[in-house]
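Observations on chain architecture
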Amino acid sequence: MTTTPTESRALDEIKIGGLGSSRKRVEDDRFIRGKGNYTDDVVLPGMLHMEILRSPLPHARITSIDTSRAWAIPGVHLVLTGEMMATRNLAWMPTLSYDTQAVLATDKVRFQGQEVACVIADDPYVAKDACEAIEVDYEPLPPVVNPWQGLAPDAPVIRDDKVGQTDNVVYNWEVGDKAGTDRAFERADLISKLDLHYPRSHPSPIECCGSVADFNRATGKLTVYMTTQAPHIIRAAVAMVAEIPEQMIRIISPDIGGGFGNKVPIYPGYVCSILASILLERPVKWIEDKTGNLISTGFARDVYLKGEMALRRDGKILAFRMHTDADHGAFFADAQPSKFKIGLMHSAFAAYDVPVAHLTARGVYTNKAPGGVAYRCSFRVTEAMFFQERMVQEAANDLGMDQAEFRRMNFVRDDDFPHRTPLGFLTDSGQYAKCLDVGLKAIGYENFRQEQAQARQRGRLLGLGISTMTEPLGAGNSREYDILGIKMFDSAELKVHMSGKAILRTGAKSQGQGHETTWAQIVAHELGIPADDVVVEEGDTDTAPFGMGTYASRSTPVAGAAVSMVSRKIRAKARKLAAHLLEVSEEDIEWELGRFYIRSAPQRGVSIQECAMAAYSNMPDGMEPGLENTAYYDPPNLTWPFAVYIVTVEVDPETGVWDVLRMVAVDDCGVRINPVIVEGQIMGGLTEAYAMASMQFITFDADGNCVGSNYMDYLLPTAWETPGYELHSEVVTPCPHHPIGAKGIGECAAVGGPAAFVNAVMDALSWTGVRNIDMPVLPDRVWEALTYRRDVYGFPPVRQD
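The structure contained in this document is the topic of the report that follows. (Residues numbered from 1 in each chain as written. Predicted model: local features only at pLDDT ≥ 70, side-chain atom pairs only at ≥ 80, totals over all residues. Heavy atoms only, no water.)

**A few points about the overall build of the chain**
Along the backbone of the chain there are 19 helices and 34 strands. Taken against the 2.2 N^0.38 rule, which gives 28 Å for 801 residues, the C-alpha radius of gyration of the chain at 28 Å falls within 12% of a compact globule. Each of the three principal axes of the chain carries a C-alpha extent, and together these read 85 × 75 × 50 Å. The long-range share in the chain, meaning contacts at least 24 apart out of those at least 6 apart in sequence, stands at 79%. With the model as given, the accessible surface of the chain reaches about 28800 Å², and the carbon-plus-sulfur share is 51%. Each charge class in the chain can be summarised by its mean position, and for the 77 positive and 104 negative side chains these summaries are 3 Å apart. (Helix = DSSP H or I, 4+ residues; strand = E, 2+ residues; numbered from the N terminus. Rg over C-alpha atoms; globule rule 2.2 N^0.38 Å. Contact = heavy atoms within 4.5 Å. Areas by Shrake-Rupley, 256 points an atom, 1.4 Å probe, with all protein chains shown as cover. Lys, Arg positive; Asp, Glu negative; His and termini not counted. Charge placed at Lys NZ, Arg CZ, Asp CG, Glu CD.)

Written out as structure tokens, the structure reads:
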């Protein structure tokens, strides 16, 4: 077939692996062959091993530590205690929330599992034996396991190390219009109220935290291989803590076996391994065990809600109030933007057209592990959306309205964007009602309601739960968002070689999102270079441009945008090269995918590869050689994907066991870079949503013992329990300010999914008058609600009898 001069010669974007291509994940080639390179795979000459001794008590004064028996064990090279750390000003370290956290306990322990001492030895088994030989004398103190205990007048002050701290309050924070909200409540026809607890959970990545620190005395260079989602932030923190010049610190984050927010914070094990390597002048490896990971590293959730909605009789939401109490554990160590103490909790009801609202938040210290990480969510948005959708369901019930119709009449309309929410966010775009319609049609809503009524007459309990969510992703613009004062931009560096092949480096860090695949697809979309010709590298602070890392669904909204922008910079220079090669002015040059051509003579053109060769061999006078550039992307606004999740269940009235019948997901995440990867992210998020709704939580007994520090107590769903999912992608609303129109997807299902499962169970029990069963909705809790016709709460302390 011949091509006429006026026909496009643009490359087929799908064939070259551009946007919309379901390209196979290139990183899986090494993973499925067992060739991944994880932190524990790093072996250096002369390497020693570190183990940590943890406190068995949640709250106790340390009266003495005797390490003599540990020092006497052959193969032990160093035993570190808090007192030794204090002599080097390393007993305490800063957190990402401007608090301080003990590296190794000195005065007292403040949670079960807190780091007390560590041993460095020839192998991990000797180090573990030596830890057990350390004798610590504790004086027990009363434990605090929930905010109400911590706020009691006679509560022990947990952070008595802090000057001026006389109680257990971490912060008080508020946003919104209190006076306007009060007025709206005064004229309401009905006020709907709901108290909830989103229980403490843990990201539980398959790979625990770990590091290999290697200090070279001769060069003064510190190299640390570690399991971090944010290598550059860790480098900055290490420079502050260890007082080593930043340019002499190299953080390498190799392949990561899952993160989900758990590998954003700075942990004491990292600091101890670094100090040990400096003191011993040998590499020191620390690899955490599963119990250590579950009991001490960054948890998620553990937030209590008092929610109220002011309603008109016709179903219009006039206002809402929310008060949250967040249990932060022993140290305020949330990884979140500095300005927002309770994260982005004020994103609640962003999809609903509510005139006015007011939110108050309080943080409380307790005798639990610190954290509050963004476990597959954008800084407390999972809690916000769960609280929102549980409140919406109960409000509809209070009004006697249909669940779907109540949501539809209160949604932000398609023509009302950009929309300012009552708590200050600016949402950019969406088709909320259309997503709901797709979901209702897919689930067979009207037919199910008829079937549900008929089943109830026969004693069967069927339920249908709806959850909608819009999540603020891509935090965020430098006017409002920072962590430790560092603005939350991101970066990309692209080098196109003379052969037209390319290497891309970004400040992000993948833990399963598929960056090596999708970043190359963005380059293919922008430049026409086949994705297979683009190598992606991340995670090495010596080679990657500075970036904030990967968490809170920042990948595509921020780092992906940086990839797009740097590609456009490359294309702008390539246009000048094309004009030189074609001997015309730059204004006469047009672009189609992979090719520049002359506007008046489309048959005359040059490929991007030809421009790349010219950049090194035939550049015009005055042009700098080479074809490479760097872009830093400061997002103008957050992106706002939207989703509708609908679940149907059947509850056994005799046992409280509930089974998922169907689960429909409608996600509008804007432009999808790789549809298969998007579907994988949704399925993974829905599985975590199901886990949180049905089985996954960490709690504590009255003595402060952690219940959930092993996989006998902390339950994770297997393929046997996990339900099937029906995914729908027909609604696409491009983000108006993102370079390629993408909004992000990695967390949406985990954010919006839990309420759909819980709402389905509550719908099955609606005839009982029960308004709430706290997650996880365990069978015994359902049975209790059915038997005694009462709400069931699950906050600690839990009974162990």
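**Here's the deal with the packing of aromatic side chains**
Within this structure, the stated rule accounts for 28 aromatic pairs. Seen in terms of ring centroids, W92 and F331 are 6.0 Å apart; in terms of plane orientation they differ by 85 degrees. Their pairing is edge-to-face. In this pair, W92 is assigned in strand β4 (residues 92-94) and F331 in the loop between β16 (317-327) and β17 (356-364), connecting sequence segments 239 residues apart. W92 gets classed as partly exposed once you look at its relative accessible area, which sits at 26%. (Phe/Tyr/Trp six-rings, centres within 6.5 Å; stacked < 30°, edge-to-face > 60°. Buried < 20%, exposed > 50% of the residue type's maximum accessible area, 1.4 Å probe, protein only.)

**A few points about helix α6 (residues 178-186)**
Every buried residue belonging to α6 is among G180, T181, A184 and F185, and all of these are buried. For α6, the arc enclosing every buried residue in end-on projection is 140 degrees, short of the 170-degree limit, so these residues lie on one face. Summarising the contacts, the buried residues of α6 are in contact with β10 (190-201), β15 (300-311), β16 and β17. The N-terminus of α6 is capped by D177, whose side-chain oxygen sits 3.3 Å from the backbone nitrogen of A179. (Arc of directions from axis to C-beta. Polar contact = N/O pair within 3.5 Å; in protein donor to acceptor, adjacent residues only side chain to side chain.)

**Examining the sheet that holds strand β24 (residues 502-506)**
The strands making up a sheet are joined through hydrogen bonds of the backbone, oriented either antiparallel or parallel. Across the sheet, which stays open at both edges, the 4 strands sit in the order β25-β24-β23-β29 with mixed pairing between neighbours. Each edge of the open sheet carries a strand with a single partner, namely β25 (534-537) and β29 (628-633). Averaged over all neighbouring strand pairs, the angle between strand axes comes to 15 degrees, with direction disregarded. Across the sheet, helix α14 (residues 515-527) is in contact with β23 (490-496), β24 and β25; its angle to β25 comes to roughly 135 degrees. (Pairing = 2+ DSSP bridges. Axes fitted to C-alpha atoms, helices over the stretch in contact; angles between N-to-C directions.)

**A look at unusual backbone geometry**
Cis peptide bonds are those with omega within 30 degrees of zero, and the linkage from F417 to P418 qualifies with -5 degrees. Residue position: P418 is located in the loop between α11 (403-410) and β18 (419-420). Residue P796 is joined to P797 through a cis peptide bond whose omega torsion reads 5 degrees. Not every positive phi belongs to a glycine, and F260 is a case in point at roughly 55 degrees. The topology assignment puts F260 in the loop between β13 (249-252) and α8 (268-280). Given the relative accessible area of 29%, F260 is considered partly exposed. Of note, the phi angle at F349 is positive, near 65 degrees, even though the residue is not glycine. Within the element layout of this structure, F349 appears in the loop between β16 and β17. Given the relative accessible area of 0%, F349 is considered buried.

**Notes on the environment of P653**
Tracing the sequence through the fold places P653 in the loop between β30 (642-651) and β31 (658-668). In the structure, P653 is positioned 61 residues away from Y714 in sequence and 26 Å away in space, judged by C-alpha atoms. Setting aside anything within four residues of it in sequence, one finds P653 in contact with G459, L461 and L786.

**Describing the environment of F379**
When you line up the elements, F379 lands in the loop between β17 and α10 (381-399). The spatial distance from the C-alpha of F379 to the C-alpha of K341 is 9.9 Å, given a sequence separation of 38 residues.

**Looking at the state of the cysteines**
For the coordinates displayed, the defined rule picks out 0 disulfides. No disulfide involves C209; its sulfur sits 7.1 Å from the nearest other cysteine sulfur, which is in C208. Looking at the unpaired C377, the closest cysteine sulfur is the one in C748, lying at 11 Å. (Disulfide = S-S within 2.5 Å.)

**Here's the deal with α14**
When the terminal C-alpha atoms of α14 are compared, their 18 Å separation across 13 residues agrees well with the 18 Å that a helix rising 1.5 Å per residue should span. Of all the 13 residues making up α14, 11 are buried; the element is thus mostly covered by neighbouring parts of the structure. Looking at the residues trailing α14, positive phi occurs at G528, about 80 degrees. (Expected span 1.5 Å × (residues − 1).)

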